[in-house]
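# Examining the three-dimensional arrangement
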Amino acid sequence: MEQKIYWDILQLKGNEIYISATDKGLCYVGSPEEDYEQMVKRYPAAAFEKNPAALKPYRDELTEYLEGKVVEFSLPVDVKGTPFQEAIWGALREIPYGETCTYSDVAEKIGKPAAVRAVGTAIGANPVLITVPCHRVIGKNGAITGYRGGIA
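All figures in this text were calculated on a predicted structure; none of them were measured in a lab.

Conventions used here
- Residues numbered from 1 in each chain as written.
- Predicted model: local features only at pLDDT ≥ 70, side-chain atom pairs only at ≥ 80, totals over all residues.
- Heavy atoms only, no water.
- Domains from an automatic or database assignment.
- Buried area = accessible area lost by both parts, 1.4 Å probe.
- Salt bridge = Lys/Arg side-chain N within 4 Å of Asp/Glu carboxyl O.
- Polar contact = N/O pair within 3.5 Å; in protein donor to acceptor, adjacent residues only side chain to side chain.
- Helix = DSSP H or I, 4+ residues; strand = E, 2+ residues; numbered from the N terminus.
- Nonpolar A, V, L, I, M, F, W, Y, C, P; charged D, E, K, R; others polar.
- Buried < 20%, exposed > 50% of the residue type's maximum accessible area, 1.4 Å probe, protein only.
- Pairing = 2+ DSSP bridges.
- Arc of directions from axis to C-beta.
- Contact = heavy atoms within 4.5 Å.

Here the domain parsing of the protein chain yields domain 1 (3-67) and domain 2 (83-138). On a C-alpha basis, the centres of domain 1 and domain 2 stand 22 Å from each other. In total, domain 1 and domain 2 occlude about 780 Å² of area from one another, counting both sides; carbon and sulfur atoms represent 61% of this. When the area that domain 1 buries against domain 2 is broken down by residue, the three leading residues are Val29, Arg42 and Tyr65, summing to 59%. In this structure, the connection of domain 1 to domain 2 is made through zero salt bridges. Counting across the domain 1 and domain 2 interface gives four residue pairs in polar contact (both at pLDDT 80 or more). Counting only elements with at least two residues in the side of domain 1 that touches domain 2, the list comes to β3 (26-29) and α2 (52-66). Of the residues forming the side of domain 1 that touches domain 2, the biggest block, four residues, is contributed by β3. Taken together, the residues of the side of domain 1 that touches domain 2 sort by class into eight nonpolar, two polar and two charged.

Right, dumping it as structure tokens:
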């Protein structure tokens, strides 16, 4: 049986951001540069259904966050990856709002201090931008080193 994924577009400041969710939670938040095909590519075996009503709570919470009205997400996420990726994504969700940490910090947090490059790869595979805050991870020298949604 195909997994059903509901999707919609978050309109924000002239940008279109594709978002999708399963019955269990948010499973994808794209960047303004990513389109419908890129969203579907992440879940090739799923049946996608446009459903603005199902995505309304997620659209509202993301909008409130991006407008600075809320600083924590209360709605569930439903992300699937390898156990290593899921450990990384869980560690990212523990980085407090307004704070940053390094790739090395994340590697140490999950008990794999030598896996800094693998941490970077797992962060780059994060399917839920913003909600799983990969944007809070910076290079050891304090520089922003890359972001799927673009540095800007």
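With that settled, the discussion passes to the pairing of strand β1 (residues 4-12). Among the nine residues of β1, seven are classified as buried, and the element is accordingly described as predominantly covered. In this structure, β1 lies alongside strand β4 (residues 47-50), joined through four bridges in parallel fashion. Residue pairing across strands places Tyr6 opposite Glu49, the latter belonging to β4. As paired elements, β1 and strand β2 (residues 15-21) share seven bridges and run antiparallel to each other. Its bridge partner being in β2, Trp7 is matched across the sheet by Ser20. In textbook terms, the turn of a hairpin is the stretch between consecutive antiparallel strands, and for β1 and β2 this stretch comprises two residues, one of which, Lys13, has a positive phi near 50 degrees.

Here the focus is helix α5 (residues 116-124). Residues Val119, Ala122 and Ile123 constitute the buried set of α5. Along the long axis of α5, the arc covered by the buried residues comes to 100 degrees, so they all point the same way. α5 presents Arg117 and Thr121 as exposed residues on the side facing more than 90 degrees away from its buried surface. Contacts made by the buried residues of α5 are with α3 (83-93), α4 (103-109) and β6 (137-138).

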